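# Architecture and fold: a report
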Amino acid sequence: MTDTSMTPADASKKKSSLLAQDARTRKRNAAETRFRMYGMAAIAVGLLFLVFLFASILRSGLPAFTQTVVNIEFVLTKEQFDKAESKMLKTGEYQKIFISALTEQLEASGLDVDFDNKAIQRLVGKPGGTIRSFFLENPDRIGTPVSFELAASSRVDGYLNGRITRDTLVDSRFLMATDLDLVDALKEVDVIQSAFNWNFITGTDSGVDNPGGAGLGASVIGSFFMMLVVLFLSLPIGVAASIYLEEFAPKNRWTDLIEVNISNLAAVPSIVFGILGLAVFIQFAGLPQSAPLVGGLVLTLMTLPTIIISTRASLAAVPPSIRDAALGVGASKMQSVFHHVLPLAMPGILTGTIIGLAQALGETAPLLLIGMVGYVAREYPETFAGGFTDANSAMPAQIYTWASRADPGFYEKAWGGIIILLLFLITMNAIAVVLRRRFERRW
Amino acid sequence: MDTNDVKISTKDVQVYYGDNHAIKDVSVEIEDKTVTAFIGPSGCGKSTFLRCINRMNDTIDVCRVKGDIRIDSEDIYDPKVDPVQLRAKVGMVFQKPNPFPKSIYDNVAYGPRIHGLAKNKADLDDIVENALRRGAIWDEVKDRLQAPGTGLSGGQQQRLCIARAVATEPEVLLMDEPCSALDPIATAQVEELIDELRKNYSVVIVTHSMQQAARVSQKTAFFHLGNLVEYGETSTIFTNPVDPRTESYITGRIG
Ligand SMILES: Nc1ncnc2c1ncn2[C@@H]1O[C@H](COP(=O)(O)OP(=O)(O)O)[C@@H](O)[C@H]1O
Ligand SMILES: [Mg+2]
């Protein structure tokens, strides 16, 4: 080949140069580039939604974790104590002591605000009772400085974190515009402070008009006991069913029918399982209403198809050569499954189970029908067995209940509850990842 | 060559996969302490017939086996026979090396463990060492018995599988194209090993390579479309075949 034969004209005719792309290649490359762009755009949109979701959840929910408290320190003398105890309205007397302490503190800081008994009640409810019971329980503290941290009302909370402003405030028996001056003044002298709201995490639900005191703790326990039921029923049943169907059952019309039905069950709306649970477990079997045991049973029904489908998929993914190898050295069918196939399928089974549990944890609709939504979980169960049978709520049910209450203070609690729920879900998924890594020793 | 006892005898064996008649009227007598090669074009039923001998076909739903197959004159398809027990006696090596995803030691020890062949740990260690020696792989792996079996090279994996098969003290060793996934050097090693194994076992090997059959076997059976066309001394089959189909196959005209 000579140099002249390498001219472009020549190359385009028959001998193409590798240095220049021909039209087809250019088209193919362009198509590939475009496809990558679509993919990246899709991911970007997904991420954007995720960021937006998290941002709005955090923005609305985080205030639920802080609480406005009125922090005041004063000394109760023996005479004051005796005098108050001799009165008819004992708590009213303590409230007067509290108010004078407050006034003193304000005066000491050179601030002059007018307020009365009613205003104090709008701010911190009736502090007299709290103060009295403290001194009755700790009589030795009489005469020494004691500091009290009293939860401020949810309206004050709302004012401080911007939910209520002077412009939007409508005077009511809950909060007056004049109270806001007092709040501002108290904030200036650090009597009103912001504190971490442990009660939100560990406490129980409050009544409909006290969002400040509402906590998720009891419902977390309710969810926990439900998940125990789900785990200990659906994992063994689901895995046993899958192993039988995948490894032992003959392939015939019956097993085909069962297979189709399991896939269908996985797609049944969860509320159907709820009404089934109501009919079977509560009305027929006579189990208690609103009990985590019943919730767990209903969620087990719902989770089983998910676990069976994922377990069967991971069993089917184990290469048949492993089964042949085991049978070839004289292992029985069961030995080949339990010694070789199951360990290899374990990561998939665990992932499926945890995803099933996570789904069940966030499920609300079936709980509606068995009486867990709307139940006011005011108490922790007293015994371990009671955890299963005592009426309780569950996290998503509690969130739903809060979100449907009239007081806007509960709105923030609902978002806060969602943050806790999401934390549990993220933890569960992290556990799934860790377990998968640990079991996945595919050499 | 001296004549050996008959180890496996089959009479009028038929195998069906659903409606597909895969093995037709196969009667053959396989000798003890002999390497018998099954050759034939692919799809002619060599593997199917081999898998009848340890009843691996039982695991295929659509597969039906008829006829009479005896090992040491015992009918292995008798309802009283437990295929699991049979398979401990008739070891099998597969086409693709398939070590368990466990350590080399555990691969070999698995069979003896489930059959209770070892009384204690030292016993088991002996069995494993012996099997690995007979699999001609001991020297290569003795320093890394706890390393994963799947980390070995293809040829080593296949020899490990052979060691695993001999560890259960079988009497018959079935090999389905054991070298088809191996390179020439590994193939040579495995062939050498097969010749060794002949001293203790009756070896049946399926191969699509006629050279391999000629190299390792004493007896050869030629299958064609599910029929056993010709069976006899390897030297006779390759130099002086009776059936024209055999001749066409070994001269490369069908296949
Ligand atoms: N698992 C199976 N299911 C259905 N048909 C099969 C199966 N295995 C093999 N066959 C059929 O049996 C015939 C023989 O196959 P096989 O024994 O694998 O041949 P060879 O090993 O000689 O290549 C072929 O027609 C094949 O399609
Ligand atoms: Mg084959």
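This section reports on the structure supplied with the text. These numbers were taken from a predicted model, which means no experiment stands behind them.

## With respect to the overall build of chain B
Per the secondary structure count, chain B includes 10 helices and 10 strands. For 255 residues, the compact-globule estimate of 2.2 N^0.38 gives 18 Å, and chain B sits close to it at 18 Å. Principal axes of the C-alpha set define a box for chain B whose edges measure 55 × 45 × 35 Å. Relative to its full complement of 255 residues, chain B shows a buried share of 54%. Summing over all exposed atoms, chain B offers an accessible surface of approximately 11,100 Å²; the carbon and sulfur share of this is 47%.

## A word on a negative patch on the surface
Residues and elements named next belong to chain A. On the surface, a cluster of negative charge is made up of Glu 104, Glu 107, Asp 112, Asp 114 and Asp 116. One can find Glu 104 in helix α4 (residues 90-108). Residue classification places Glu 104 among the exposed positions, given a relative accessible area of 56%.

## A few points about the site of ligand 1
Residue and element names in this part refer to chain B. As a matter of local geometry, ligand 1 sits amid Tyr 17, Asn 20, Ala 22, Ser 42, Gly 43, Cys 44, Gly 45, Lys 46, Ser 47, Thr 48 and Ile 60. Take Ser 47: an N or O atom from its side chain is 2.6 Å from an oxygen atom of ligand 1. Between ligand 1 and the protein, one listed contact pairs an oxygen atom with a side-chain N or O atom of Thr 48 at 2.4 Å. Here ligand 1, which alone exposes 560 Å², has 62% of that area covered by the protein. Elements with a minimum of two residues in the shell around ligand 1: β2 (20-31) and α1 (46-53). Ranked by residue count, the leading element in the shell around ligand 1 is α1, at 3 residues. Class assignment of the residues belonging to the shell around ligand 1 gives a composition of 4 nonpolar, 6 polar and 1 charged.

## Digging into the packing of helix α13 (residues 292-316) of chain A against helix α15 (residues 333-361) of chain A
Residue and element names in this part refer to chain A. Where α13 meets α15, the closest approach of the two axes is 8 Å, and the angle between their N-to-C directions is 150°. Classified by the angle their axes make, α13 and α15 are roughly antiparallel. Handedness of the crossing formed by α13 with α15: right-handed. Facing Leu 299, Thr 303, Thr 306, Ile 307, Ser 310, Thr 311, Ser 314 and Leu 315 of α13, the residues of α15 in contact are Val 341, Leu 342, Ala 345, Gly 348, Ile 349, Gly 352, Thr 353, Gly 356, Leu 357, Gln 359 and Ala 360. A per-class count over the contact of α13 with α15 returns 9 nonpolar, 10 polar and no charged.

The rules behind these values
Residues numbered from 1 in each chain as written. Chains lettered and ligands numbered in written order. Predicted model: local features only at pLDDT ≥ 70, side-chain atom pairs only at ≥ 80, totals over all residues. Heavy atoms only, no water. Helix = DSSP H or I, 4+ residues; strand = E, 2+ residues; numbered from the N terminus. Rg over C-alpha atoms; globule rule 2.2 N^0.38 Å. Buried < 20%, exposed > 50% of the residue type's maximum accessible area, 1.4 Å probe, protein only. Areas by Shrake-Rupley, 256 points an atom, 1.4 Å probe, with all protein chains shown as cover. Patch = residues over 30% accessible without salt bridge, like charges linked within 9 Å, V, L, I, M, F, W, Y side chains within 5 Å. Salt bridge = Lys/Arg side-chain N within 4 Å of Asp/Glu carboxyl O. Lys, Arg positive; Asp, Glu negative; His and termini not counted. Charge placed at Lys NZ, Arg CZ, Asp CG, Glu CD. Near = heavy atom within 4 Å. Polar contact = N/O pair within 3.5 Å; in protein donor to acceptor, adjacent residues only side chain to side chain. Nonpolar A, V, L, I, M, F, W, Y, C, P; charged D, E, K, R; others polar. Axes fitted to C-alpha atoms, helices over the stretch in contact; angles between N-to-C directions. Parallel < 35°, antiparallel > 145°, perpendicular 65-115°, else oblique. Left-handed = near helix turned anticlockwise from the far one by under 90°. Contact = heavy atoms within 4.5 Å.

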